[in-house]
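A closer look at the structure
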Amino acid sequence: MKKTFLKSLILAASLLFSPALFAHETEDHAVLEVSDAWARKTGSRTASAAVYFNLKNGTDAAETLLSVSAPRAKMATIHRSFEQNGIMRMEMQDKLEVAPGSTAAFEPGGMHIMLMRLDQPLKQGEIFPVVLTFKSAGEVTIYVEVTGIAGLQK
Ligand SMILES: [Cu+2]
């Protein structure tokens, strides 16, 4: 218990001094980790985009993603893609709960952050911020890399 508390303190400190931590590779002391944040570049006539990442809850309590926002887009929502009668559809999620020790994958064909009414198209190589608001951790800024059409290459 004491160790977890210490970890929380370190997390709070890293939130204050290094929000970029969340956009990159995992760190031993991080308890809520976002990695591999990416979005495909968009065409000049496309006003929306999907953001993908892995969200690991390394804490010993459930965490809930409550809302999202992005300076580059007028609207941002938590979306889920699913197939219905052979047609791919998307629906808005009002929140997403992540169980302790588990990872939520935001990936093509599944959960994603939907950006609507982008101010400018997303250009390959660009890195832009998205703010995730959690029930316990509060606001966490992640940095999203814009990839080519093929998506994130690992
Ligand atoms: Cu969507």
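The structure displayed is predicted, hence computed values, not measured ones. (Residues numbered from 1 in each chain as written. Predicted model: local features only at pLDDT ≥ 70, side-chain atom pairs only at ≥ 80, totals over all residues. Heavy atoms only, no water.)

1. Brief notes about the environment of Asp 94
Defined as follows: Counting from the N terminus, the helices are DSSP H or I runs at least four residues long and the strands are E runs at least two residues long. Should any heavy atoms of two residues lie within 4.5 Å, those residues are counted as being in contact.
If you trace the backbone, Asp 94 turns up in the loop between β5 (87-93) and β6 (96-98). Between the alpha carbons of Asp 94 and Leu 65 there is a distance of 8.9 Å; along the sequence they are 29 residues apart. Contact partners of Asp 94, with chain neighbours within four places excluded, come to Leu 66 and Ile 78.

2. Things to note about the packing of aromatic side chains
Put simply, the test is: By convention, a stacked pair of Phe, Tyr or Trp rings (six-membered ring in the case of Trp) has centres within 6.5 Å and planes under 30 degrees apart, an edge-to-face pair has planes over 60 apart, and any other such pair is tilted. With a 1.4 Å probe rolled over the protein chains alone, any residue whose accessible area is under 20% of its type maximum counts as buried; one over 50% counts as exposed, and the rest are partly exposed.
One pass over the full model with this rule turns up 2 aromatic pairs. Seen from their ring centres, Trp 38 and Tyr 52 are 4.7 Å apart, and the 40° between their planes marks the pair as tilted. Taken as a pair, Trp 38 in strand β1 (residues 32-40) and Tyr 52 in strand β2 (residues 49-57) lie far apart in primary sequence, 14 residues in all. Pair check on accessibility: Trp 38 and Tyr 52 agree, each one buried. With centroids separated by 4.3 Å and ring planes inclined at 20°, the aromatic side chains of Phe 53 and Phe 106 adopt a geometry described as stacked. Of the two residues, Phe 53 is situated in strand β2 and Phe 106 in strand β7 (residues 103-106); the sequence distance between them amounts to 53 residues.

3. Focus on the nonpolar core
Burial of nonpolar side chains together is a common tendency in soluble globular proteins. Defined as follows: Only buried Ala, Val, Leu, Ile, Met, Phe, Trp, Tyr and Cys residues count toward a nonpolar core, and they belong to the same one when joined by side-chain atoms within 4.5 Å.
Phe 53 and Phe 106 are the most contacted members of the largest nonpolar core, which has 31 residues in total. Contacts of Phe 106, omitting those with residues within four sequence positions, involve Val 51, Tyr 52, Phe 53, Leu 55, Leu 65, Ile 78, Leu 96, Met 111, His 112 and Ile 113.

4. A look at the pattern of salt bridges
We apply this condition: Definition used for salt bridges: Asp or Glu carboxyl oxygen within 4 Å of a side-chain nitrogen of Lys or Arg.
Across all of its chains, the model carries 3 salt bridges by this definition. Glu 91 serves as the salt-bridge partner of Arg 80, at 2.9 Å between the closest nitrogen and oxygen. Here Arg 80 is found in strand β4 (residues 73-84), whereas its partner Glu 91 is found in strand β5, with 11 residues between them in sequence. Relative accessible area serves as the criterion here: at 32%, Glu 91 is assigned to the partly exposed category.

5. Concerning the coordination of the copper ion
Quick reminder of the rule: Only nitrogen, oxygen and sulfur atoms within 2.8 Å of the metal, or 3.2 Å for Na, K and Ca, are treated as donors, and water is left out, so sites may look incomplete. Irregular is the default label, applied whenever a site is not tetrahedral (four donors, all angles between 85 and 135 degrees) and neither square planar nor octahedral (four or six donors, opposite donors over 155 degrees apart, all other angles between 65 and 115).
In this structure, His 79 (ND1), Met 90 (SD), His 112 (NE2) and Met 114 (SD) serve as the protein donors to the copper ion, at separations of 2.1 to 2.3 Å. Geometry at the copper ion is tetrahedral, judged from the 4 donor atoms that bind it and their angles of 95 to 120° at the metal. Positions of the donor residues of the copper ion, expressed as sequence spacing, correspond to H-x10-M-x21-H-x1-M. One end of the pair, Met 90, is in strand β5; the other, His 112, is in strand β8 (residues 111-118), and 22 residues separate them in sequence. Since its relative accessible area comes to 45%, Met 90 is described here as partly exposed. Judged by its relative accessible area of 2%, His 112 is buried.

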